[in-house]
Amino acid sequence: MPVDLVARPALAARVDEPGPPVGLVVAPAGFGKTLLLADHATRDPGTAWVTVDRSDDAGRLWAAILTAFATCPALPPDNGLRELSPPTGLGGLAFLSRFRDGLGALSTPLTLVLDDVHELDHPAALGELRALLDHRPEGLRVILASRFDPPVPLSHLRARHEMWELRADRLAFTPAETEELARQTGLALTADQTGELHRRTGGWAAGLRLAVQALRGGADPSTLLAEFTGEDHAVADYLVGEVLATLPDDLLEFLTLASIGDPLPAALAVVLTGRADAAAVLDRVERETSLVAGLVTDPGTGAREYRVLELLRTYLAADLHRHRPDLAAELHGRAAHWWADQDQPTAALENAARADDEDLTADLADRFGLRLALAGEHAPLRRALPGIRAAVGSGGLSATVGTALARVGGDVEALREAIRALPEPGPADGPAVRALRALGRGVDGLLAGIDTDAAVGELEAALDLARGHGYDFVAMQAQVVLAAVAAVRGDFRTVVARADEAVSTMIEHRWEPSAWSTLGRTLRAYAALYRAEPDQARAEAAEALGRGPGRDDPRLRHALRIVHGAALSDSGDRASGLAEMREARIDLVGLPVVAEQAAAAAVFENRAALRLGDSVGAAQAARELAERLDAPGEAGLMAAWAELGSGHLDAASHRIRPVLRGTAAALMPHTLVEAHLVAATLAVRAADPAAGRRALGDALAAAEDLDLLRPFALGGSEVGALLAEHRARPGIAAAFATRALAAYRRIQDPDASPLLSERELAVLGLLPSLMSSDDIAAALSVSVSTVKTHVRMIYAKLAVANRRAAVETARTRGLLRPHAGVDP
């Protein structure tokens, strides 16, 4: 047996366990039939093994069976079977009688394995096999292994419940078994690579072995798996020699024509093959060879959908394209029309692109292109793009729709250009156009800065339309823009919810990184920074800076570098953080940015410089903000920090008073929180603890709805003492104050405990329950993939490997928060 044999206990139990006396194991070549039964034989000394040969007549077959029994360790030396000779002439029944007597004398039944029964074609030999099954002795189990159903009375055996069966669907490797095979052969594949390996091979054991062999040659797994098809030389040789050589010519032609369809509904099979009985042929192929797998897609009508074994299908399709390209193009055209009639635009456009039919591509792009783009189905559009461009140039496709298709997946400016290219609004506008227009009006309104609430209303309308019609890409875009609005408003709880949902949608759909994903990560980094999670903010910003599309946009790159620098400073690397923020400011000179972005950057840099003792650098950041725009609230805050740091308490009080009264208007809502904390610090230093407590209460009340923790985390010792006192004597926003104190301690003493984000703490709090990942996702209103990501991060930060260990470690460190119905 192979040293890297994958244990398959469910299949082994089916073969080993007593039950119906006849077993039938049927699957195409390479599904592991022989290996499964050989594994059984190593455990059962009462197994006699015969590999059938095409040259076997009745005498040779019986000679092989008797020889196998004679060498079986479980057959006693004095048993009559050892002296029995194969039948000759007309002595068959007498022979069977003596054969039955020999087996009947045994106390323990024997098992006869007949492997490669599909090779048996001699009429007399087939007759003897039927006789053996019809008159099977009591002390004998018979297991037949074949590539297709042998011509023996199987229906009678089924009707009498005397037969069990294993077919290709059961013999195919599961994803878990595929992962185990890769592990046992020394391959270190990611979960995605293992999934792709399983998808490419369909769990076909021979295909898996060939792929594993290729992977062990040192090729990049992702690249090799993306290109691993039936055209692979080793796979093709195996298919031709072991599978296709056994098929009749008419069936091989049928499967070649049908290989264009994946999946292959019965009605499409009729269109491709030109045979009205295509469904019956596919059912027969499935029943007799297992090269095809069928599935009922509509129980009401009994409609079925089929899939040809993946590597076989890709080999046949490639062979068709190579040797009969005109026919292949014609079949793809038929398939495109059929899928379009079923309102399945992705499959229709995929086949139109393969048909190389510009007119058909143009027609389908006009009908379905915008819908696909808004749903995020960009891959078929990209593959069809040459045809779409040709159609636009020849007038076969409206230039406005063509422009929209080409640009709807780009950045914000590309999106606005695409929307402007749409025809004038009209009563016939469908939901796709209405959703795109609403998104455009929302973006335009925000950039104009005239009526933010109206713009948000348009974005919410676009989001509702997108969710109602499956336009997931538009929903993601709307969520990202709404997260940006929330960031400007300082509502970081909403930023996290919106940006998390947007990024999770991108991950679930496996969309390629885009300017939108970079913007989503930027917003998540920004929110993490203000929630006093600098490690997460730094990681998100570094990821986007390193390989995020759109990162070369100077405004977006400025935002990312500012957040990354501030996160570095908050994490303790103050010099590097300040240097990065200064470089970002210099790079932005002369470029327009949103006022709130410029103000936040200046405040970040000013605070970092003051914490490093660089009063000159702090003043420079404040001065450049004043030169760029009018932000009296932020200017007053930075001036108060400078005076406070110099010990000029009266001057600091004078500077912060207009901010607190609202006469120095602040661009950012969190500026007021910072102002209250300045007042609290001044009160403590002036020996007025009551005033300090009041100011802290005002800061907590203003920060709680925004979920704003960073000002407290960076507060001085006076703020830390007030927070500790507030927790001892709960008052305003008691729960939020506890979180603020925890954030203060994390930043001031980063080695005190692992830095879990707020969302990770929320997930951690539900781990002691019996809730599944789906349940936790529902409870927290996030996607399942988001929950799984947080769980992986929790395990990494707590240095544990499973859920139980995470709960125990969290209890020990006091990290669990109580949830309704969950005992921490």
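Each remark here, short or long, concerns the structure printed above.
Residues numbered from 1 in each chain as written. Predicted model: local features only at pLDDT ≥ 70, side-chain atom pairs only at ≥ 80, totals over all residues. Heavy atoms only, no water.

Peer 1: Looking at this structure, I do not really get the overall build of the protein. What am I missing?
Peer 2: A tally of helices and strands in the protein yields 43 helices and 8 strands. On C-alpha atoms alone, the protein measures out to a radius of gyration of 36 Å, which is more than a quarter above the 28 Å that the 2.2 N^0.38 rule sets for 824 residues. When each of the 824 residues of the protein is scored for burial, the buried share is 51%. A fraction of 66% describes how many contacts in the protein between residues 6 or more apart in sequence connect residues 24 or more apart. On the protein, roughly 36200 Å² of surface is accessible, and the fraction owed to carbon and sulfur atoms is 53%. Positive and negative side-chain charges in the protein, numbering 85 and 110 respectively, have mean positions lying 5 Å apart. (Helix = DSSP H or I, 4+ residues; strand = E, 2+ residues; numbered from the N terminus. Rg over C-alpha atoms; globule rule 2.2 N^0.38 Å. Buried < 20%, exposed > 50% of the residue type's maximum accessible area, 1.4 Å probe, protein only. Contact = heavy atoms within 4.5 Å. Areas by Shrake-Rupley, 256 points an atom, 1.4 Å probe, with all protein chains shown as cover. Lys, Arg positive; Asp, Glu negative; His and termini not counted. Charge placed at Lys NZ, Arg CZ, Asp CG, Glu CD.)

Peer 1: Looking at this structure, how should I read the sheet that holds strand S1 (residues 22–26)?
Peer 2: Pairing between sheet strands relies on hydrogen bonds along the backbone, with the strands arranged either parallel or antiparallel. Spatially, the 5 strands line up as an open sheet ordered S2-S3-S4-S1-S5, and their pairing is parallel. With partners counted over all chains shown, the strands left at the sheet margins are strand S2 (47–51) and strand S5 (163–166), one partner each. Within the sheet, the average angular offset between the axes of one strand and its neighbour, ignoring direction, is 15°. Pairing between S1 and strand S4 (residues 140–146): 5 bridges, direction parallel. Bridge pairing links Val26 to Ser146 in S4. Strands in contact with helix H2 (residues 33–43) are S1, S2, strand S3 (110–115), S4 and S5; relative to S2, the strand with the most contacts, it is inclined by about 155°. (Pairing = 2+ DSSP bridges. Axes fitted to C-alpha atoms, helices over the stretch in contact; angles between N-to-C directions.)

Peer 1: Teacher, can you tell me more about the pattern of salt bridges here?
Peer 2: Oppositely charged side chains can form a pair if their charged atoms are brought close together. Applying the stated criterion across every chain, the model contains 52 salt bridges. The shortest N-O distance in the salt bridge between Glu540 and Arg524 comes to 2.9 Å. On the criterion of sequence distance, the pair formed by Glu540 in helix H28 (residues 534–547) and Arg524 in helix H27 (residues 515–530) is long-range, its members being 16 residues apart. Its relative accessible area of 8% is what places Glu540 among the buried residues. Given the relative accessible area of 15%, Arg524 is considered buried. Between Arg531 and Asp707 there is a salt bridge, with the nearest N and O atoms lying 2.2 Å from each other. With Arg531 in the loop between H27 and H28 and Asp707 in the loop between helix H36 (689–704) and helix H37 (710–713), the pair connects residues that are 176 residues apart, well separated along the chain. There is no split in this pair, since Arg531 and Asp707 are both buried. (Salt bridge = Lys/Arg side-chain N within 4 Å of Asp/Glu carboxyl O.)

Peer 1: Would you mind showing me how to read the packing of helix H34 (residues 649–661) against helix H35 (residues 670–685) here?
Peer 2: Two packed helices can be described by the angle between their axes and the distance between those axes. Relative to each other, H34 and H35 sit at 145°, their axes nearing to 10 Å. Taken as a pair, H34 and H35 cross one another with a handedness that is left-handed. Across the interface between the two elements, Leu649, Ala652, Ser653, Ile656, Val659 and Leu660 of H34 pack against Thr671, Leu672, Ala675, His676, Val678, Ala679, Leu682 and Arg685 of H35. Residue classes in the contact of H34 with H35 are distributed as 10 nonpolar, 3 polar and 1 charged. (Left-handed = near helix turned anticlockwise from the far one by under 90°. Nonpolar A, V, L, I, M, F, W, Y, C, P; charged D, E, K, R; others polar.)

Peer 1: Honestly, a negative patch on the surface in this entry has me stumped. Any pointers?
Peer 2: A cluster of like negative charges, contributed by Asp356, Asp357, Glu358 and Asp359, occupies part of the molecular surface. Residue placement: Glu358 occurs in helix H19 (residues 358–375). Exposure remark for Glu358: the relative accessible area of 42% places this residue in the partly exposed category. (Patch = residues over 30% accessible without salt bridge, like charges linked within 9 Å, V, L, I, M, F, W, Y side chains within 5 Å.)

Peer 1: Any chance you could explain unusual backbone geometry here in plain terms?
Peer 2: Glycine aside, the phi torsion of most residues is negative, and most peptide linkages are trans. Cis geometry is adopted by the peptide bond preceding Pro263, which originates at Asp262 and carries an omega value of 5°. Tracing the backbone through its elements, the reader meets Pro263 in the loop between helix H13 (249–258) and strand S6 (264–265). Its identity is not glycine, yet Asp116 carries a phi of approximately 60°, on the positive side. Since its relative accessible area comes to 23%, Asp116 is described here as partly exposed. If you check the backbone angles, Asp356 has positive phi at about 55° while not being a glycine. Checked against the element boundaries, Asp356 lands in the loop between helix H18 (345–355) and H19.

Peer 1: Is there a simple way to think about the sheet that holds strand S8 (residues 303–308) in this case?
Peer 2: Within the open sheet, the 3 strands sit side by side as S6-S8-S7. Their pairing is antiparallel. Looking at which strands have only one partner, the edges of the open sheet turn out to be S6 and strand S7 (292–298). Relative to S8, S6 runs antiparallel, the two being bridged by 2 bridges. Within S8, the residue paired with Pro265 across the bridge is Glu305.

Peer 1: What is the right way to read the nonpolar core from this model?
Peer 2: Nonpolar side chains in soluble globular proteins tend to end up buried together. Core analysis: the biggest nonpolar cluster contains 111 residues, and Phe604, Leu700, Phe712 and Leu723 have the highest contact counts within it. Per-element accounting of this core gives the leading share, 12 residues, to helix H25 (residues 472–489). Core analysis: the second largest hydrophobic core is formed by 82 residues, Leu224, Leu247, Ala335 and Leu360 among them. (Core = buried A, V, L, I, M, F, W, Y, C linked by side-chain atoms within 4.5 Å.)

Peer 1: What is the right way to look at the packing of aromatic side chains in this model?
Peer 2: Note on aromatic pairs: each is described by the distance of the centres and the angle between the planes. Taken as a whole and judged by the stated rule, the model has 12 aromatic pairs. For the ring pair Trp204 and Tyr238, a centre distance of 5.7 Å and an interplane angle of 70° mean the geometry is edge-to-face. One end of the pair, Trp204, is in the loop between helix H9 (191–201) and helix H10 (205–215); the other, Tyr238, is in helix H12 (residues 233–243), with 34 residues separating them in the sequence. Trp204 gets classed as buried once you look at its relative accessible area, which sits at 0%. A relative accessible area of 26% places Tyr238 in the partly exposed class. (Phe/Tyr/Trp six-rings, centres within 6.5 Å; stacked < 30°, edge-to-face > 60°.)

Peer 1: Before we go on, may I ask you to explain the packing of H36 against helix H38 (residues 717–728) in this structure?
Peer 2: It is the contact of H36 with H38, at a shortest axis distance of 10 Å, that shows an interaxial angle of 85°. With respect to H38, the axis of H36 lies roughly perpendicular. Between H36, through Gly692, Arg693, Leu696 and Leu700, and H38, the contact on the second element is made entirely by Leu722, Leu723, Glu725 and His726. Partitioning the contact of H36 with H38 into residue classes produces 4 nonpolar, 2 polar and 2 charged. (Parallel < 35°, antiparallel > 145°, perpendicular 65-115°, else oblique.)

Peer 1: Just checking my understanding: could you explain H27 for this structure?
Peer 2: What sets the pattern is the α-helix's 3.6 residues per turn: residues three or four places apart point alike. Taking 1.5 Å of rise per residue, the 16 residues of H27 would be expected to cover 22 Å, and the 23 Å separating its terminal C-alpha atoms lies within 8% of that figure. At the exit of H27 stands Ala532, carrying a positive phi of roughly 60°. (Expected span 1.5 Å × (residues − 1).)

Peer 1: Quick question: what am I supposed to make of the environment of Val791 here?
Peer 2: Locating Val791 in the fold gives a position in helix H42 (residues 784–798). On a C-alpha basis, the gap between Val791 and Leu767 in space is 9.1 Å, while along the polypeptide they are 24 residues apart. Those residues in contact with Val791, other than ones at most four positions away along the chain, are Val763 and Leu767.

Peer 1: I'm lost on the pairing of S7 in this one. Help?
Peer 2: For a regular strand, side-chain orientation follows a simple rule: the groups alternate between the two sheet faces. Pairing analysis gives 6 bridges linking S7 to S8, with the strands arranged antiparallel. In the sheet register, Val296 faces S8, and the bridge partner there is Arg304.

Peer 1: Whenever I open this one, the side chain of Thr47 confuses me. Can you help?
Peer 2: Topologically, Thr47 is positioned in strand S2. Residue class for Thr47 comes out buried when judged on its relative accessible area of 12%. A distance of 3.2 Å separates a polar atom in the side chain of Thr47 from the backbone oxygen of Asp44. When residues no more than four places from it in sequence are discounted, the contact partners of Thr47 are His40, Ala41, Cys72, Thr111 and Val113. (Polar contact = N/O pair within 3.5 Å; in protein donor to acceptor, adjacent residues only side chain to side chain.)

Peer 1: So what exactly am I meant to see when it comes to the environment of Asp444 here?
Peer 2: With respect to the element layout, Asp444 can be found in helix H23 (residues 431–448). With a relative accessible area of 33%, Asp444 lands in the partly exposed category. In sequence terms Asp444 and Ala455 are 11 residues apart; their C-alpha atoms lie 7.8 Å from each other.

None of this, on its own, says anything about what the molecule does.
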